[in-house]
Amino acid sequence: MADASTRLRRLIEDEVGSCCSTDVDARLDELSALGDELPSEYDRDLAAMKALGNDTRYLITRLLATADDELCVCEITPLFDVSESAISHALSDLTDAGLVSRRKEGTWRYYRTTPLADRLVGALDAERGGDE
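Given the structure is predicted, the values throughout are model-derived calculations rather than measurements. (Residues numbered from 1 in each chain as written. Predicted model: local features only at pLDDT ≥ 70, side-chain atom pairs only at ≥ 80, totals over all residues. Heavy atoms only, no water.)

> Got a minute to help me understand the pattern of salt bridges in this structure?
Following the criterion strictly, the structure yields eight salt bridges and no others. One salt bridge in this structure joins D93 and R57, with 3.3 Å as the shortest N-O distance. Residue D93 is found in helix α6 (residues 84-96), and its partner R57 is found in helix α4 (residues 55-66); the two are separated by 36 residues along the sequence. Close ionic contact of R128 with D125 constitutes a salt bridge, the shortest N to O distance being 2.9 Å. With a gap of three residues between them, R128 and D125 both fall in helix α7 (residues 115-128), about one helical turn apart. Residue R128 is classed as partly exposed on the basis of its relative accessible area of 31%. One network of salt bridges, with partners in common, ties together E15, R27 and E30. (Salt bridge = Lys/Arg side-chain N within 4 Å of Asp/Glu carboxyl O. Helix = DSSP H or I, 4+ residues; strand = E, 2+ residues; numbered from the N terminus. Buried < 20%, exposed > 50% of the residue type's maximum accessible area, 1.4 Å probe, protein only.)

Following this line, the structure appears as structure tokens:
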């Protein structure tokens, strides 16, 4: 902690020209207040980002977000060069992460993106300039 305080003191000195213990304490208080603004429940956020961190899951999410309606797993599987089992596993992970919803009708399973996935894809597109 002493090393971190020393580095913080040097940063403040570089920014304002001088620094004392009161300045360091005040900056630490400001930073602590920022930490208070962080969400306490972030497991869902991490699960969503982890799910999108895999090529297959990301591309499935993109496909479903682009589709006009829900898609059956039998429509998704031929579009990817991975096993049917890998697609099922990816869809299960996406469902668990809250990015995809699943509806069963008889023996068929249909998937669509959730509002969370739509917002994440939209944010990525907006950042990129809507290229995709």
